[in-house]
Amino acid sequence: MQPIMDTSLWLAHKRRALAHPVDGADFLMRRTAEDLADRLGAVERRFVKAAALFCQTPAAAETLAESGKVADIVRVETDTVFLSGGDLGLIAPLETVPFEAESLDLAVSLLSLQAMNDIPGMLIQIRRALRPDGLFLGAFAGAGTLFELRESLLAAETELYGGASPRVAPFTDVRDAGALLQRAGLALPVADVETVTVRYASLFNLMADLRAMGETNALTDRSRRPGSRKLFARAAEIYAERFSDPDGRVRASFSIVWMSGWAPDASQQKPLKPGSAKISLKAILEAPGGQ
């Protein structure tokens, strides 16, 4: 099965972005790390050992440390360049979880799963690495992300050249995310989505931000020919026509899908078996005051 994402190119884009930082371009990671803090704050327990998997920046590990709920935190990255500030961590290939079975109490992944070709396999590895009743929290760019850019580029390229090549990656839907958690064998699976809308002066400002994030086109089936100025100029016009606010600024959507699941454990709540209820719904409704 041919991979959808060229992960080597995606990582090269990330390295380039790290080597040429742009102030404020990490806004999406910072926002996602803040959400991680909120979600972790709702969990009433402590964790002995946690792993931050391929998060590309220290943001996730710092959030775990600041929570006061994690004793030992290990960062896992594909390259030492991502371990900034002298952080210690493990180096491993993308889409691998380099831990022994049942050795982690918490695993976290922020904004990298969307670049992986085998998300089910990654989740299965995470499930294997978690101790019973261990927690996985993950966030990735999901369906609806950059739909405005996708539509504008598609319309412009079709209009100018009679066809289009893929320029924006396909993203996983929140419903599929829930199914993936179940397929991996994680208990109490929950998936939800939060859409962040960012406004820009034009399509070109959005594309500059994506380049600074290291999130430009890394599709395996991408066109090897650079897009022409004519193409992007027309796409910018279409973008402004379809997705601008009254003040002329254009909108860009980032749909962040959150997943959480627990490694199965006998202590966890389980749904009752069908027919095991001690009183019927009919009896409740027919009782005085039941309606």
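All of these numbers come straight from a predicted model, not from anything done at the bench.

> Break down the overall build of the chain for me, with residues and values.
Within the chain one finds 9 helices and 7 strands. The C-alpha extent of the chain, read off along each of the three principal axes, is 70 × 55 × 40 Å. For the chain, buried positions account for 46% of its 291 residues. When contacts within the chain are restricted to residue pairs at least 6 apart in sequence, those whose partners lie at least 24 apart make up 78%. When the accessible surface of the chain is summed, it comes to about 15,000 Å², and 55% of that surface belongs to carbon and sulfur atoms.

> Tell me what's going on with the pattern of salt bridges, and back it up with residues and numbers.
Applying the stated criterion across every chain yields a total of 18 salt bridges. Here Arg131 and Asp105 are joined by a salt bridge, their closest N and O atoms 2.6 Å apart. Taken together, the residues Arg131 in strand E5 (residues 130-141) and Asp105 in strand E4 (residues 104-110) connect sequence positions 26 residues apart. Residue classification places Asp105 among the buried positions, given a relative accessible area of 10%. A single salt-bridge network, built from bridges that share partners, covers Glu159, Arg234, Glu237 and Glu241.

> I'd like a description of the environment of Ser202, backed by residues and values.
Here Ser202 shows up in the loop between strand E6 (187-200) and helix H7 (203-213). A residue is classified by how much of its surface remains accessible, and Ser202, at 22% relative accessible area, is partly exposed. One polar contact links Ser202 to Asn205, side chain to side chain, over a distance of 2.8 Å.

> How would you explain unusual backbone geometry if you had to name every residue and give the values?
One non-glycine residue, Leu111, lies in positive phi territory at about 55 degrees. You will see that Asp133, though not glycine, has its phi angle at about 70 degrees, which is positive. On the secondary structure map, Asp133 appears in strand E5. What makes Asp133 partly exposed here is its relative accessible area of 21%.

> Tell me about the packing of aromatic side chains, residues and numbers included.
A complete count under the given rule lists 3 aromatic pairs for this structure. When the centroid spacing of 6.1 Å and the interplanar angle of 80 degrees are considered together, the rings of Phe27 and Phe254 count as edge-to-face. In this pair, Phe27 sits in helix H2 (residues 27-41) while Phe254 sits in strand E7 (residues 250-262), placing the two residues 227 residues apart along the sequence. Across the pair, exposure class does not vary: Phe27 and Phe254 are buried alike. Ring centres of Phe147 and Phe243 lie 5.7 Å apart, and the angle between their planes is 90 degrees; on these two criteria the pair is classed as edge-to-face. Highlighted residues: Phe147 in helix H5 (residues 147-161) and Phe243 in helix H8 (residues 229-243), separated in sequence by 96 residues. With relative accessibility at 37%, the residue Phe147 sits in the partly exposed group. Among the aromatic residues, those joined into a ring-pair cluster are Phe147, Tyr239 and Phe243.

> Which residues make up the nonpolar core, and what values do they have?
Among the nonpolar cores identified, the biggest contains 48 residues, and Leu106, Leu110, Leu149, Leu206 and Phe254 are the most heavily contacted of them. With 7 residues, the top contributor of residues to this core is H8. With residues up to four places along the chain from it excluded, the contact list for Leu206 reads Leu146, Leu149, Tyr200, Tyr239, Ala252 and Phe254. Ranked by size, the runner-up nonpolar core spans 37 residues in total, among them Trp10, Leu53, Ala107 and Ala184.

> I'd like a rundown of the sheet that holds strand E1 (residues 47-53), residues and numbers included.
An order of E3-E2-E1-E4-E5-E7-E6 is seen for the 7 strands of this open sheet, with the pairing classed as mixed. Every other strand in the sheet has two partners, leaving strand E3 (89-91) and E6 as the edge strands with one partner each. This sheet shows a mean twist of 15 degrees between the axes of neighbouring strands, independent of strand direction. Where E6 lies against E7, 12 bridges are found, and the strand directions are antiparallel. Residue pairing in the sheet places Val193 in a bridge with Val257 of E7. Against the sheet, helix H4 (residues 119-129) engages E1, E4, E5 and E7, with an angle of about 150 degrees to E5.

> Report on the environment of Lys69, specifying residues and quantitative values.
Among the secondary structure elements, Lys69 is positioned in the loop between helix H3 (59-67) and strand E2 (70-77). Given the relative accessible area of 16%, Lys69 is considered buried. The spatial distance from the C-alpha of Lys69 to the C-alpha of Arg45 is 7.2 Å, given a sequence separation of 24 residues. Beyond its immediate sequence surroundings of up to four residues, Lys69 is in contact with Leu40, Gly41, Val43, Glu44, Arg45, Arg46, Phe47 and Leu64. Among the polar contacts listed, one links the side chain of Lys69 to the backbone oxygen of Val43, at a separation of 2.4 Å.

Here is what the cut-offs are and how they apply
- Residues numbered from 1 in each chain as written.
- Predicted model: local features only at pLDDT ≥ 70, side-chain atom pairs only at ≥ 80, totals over all residues.
- Heavy atoms only, no water.
- Helix = DSSP H or I, 4+ residues; strand = E, 2+ residues; numbered from the N terminus.
- Buried < 20%, exposed > 50% of the residue type's maximum accessible area, 1.4 Å probe, protein only.
- Contact = heavy atoms within 4.5 Å.
- Areas by Shrake-Rupley, 256 points an atom, 1.4 Å probe, with all protein chains shown as cover.
- Salt bridge = Lys/Arg side-chain N within 4 Å of Asp/Glu carboxyl O.
- Polar contact = N/O pair within 3.5 Å; in protein donor to acceptor, adjacent residues only side chain to side chain.
- Phe/Tyr/Trp six-rings, centres within 6.5 Å; stacked < 30°, edge-to-face > 60°.
- Core = buried A, V, L, I, M, F, W, Y, C linked by side-chain atoms within 4.5 Å.
- Pairing = 2+ DSSP bridges.
- Axes fitted to C-alpha atoms, helices over the stretch in contact; angles between N-to-C directions.

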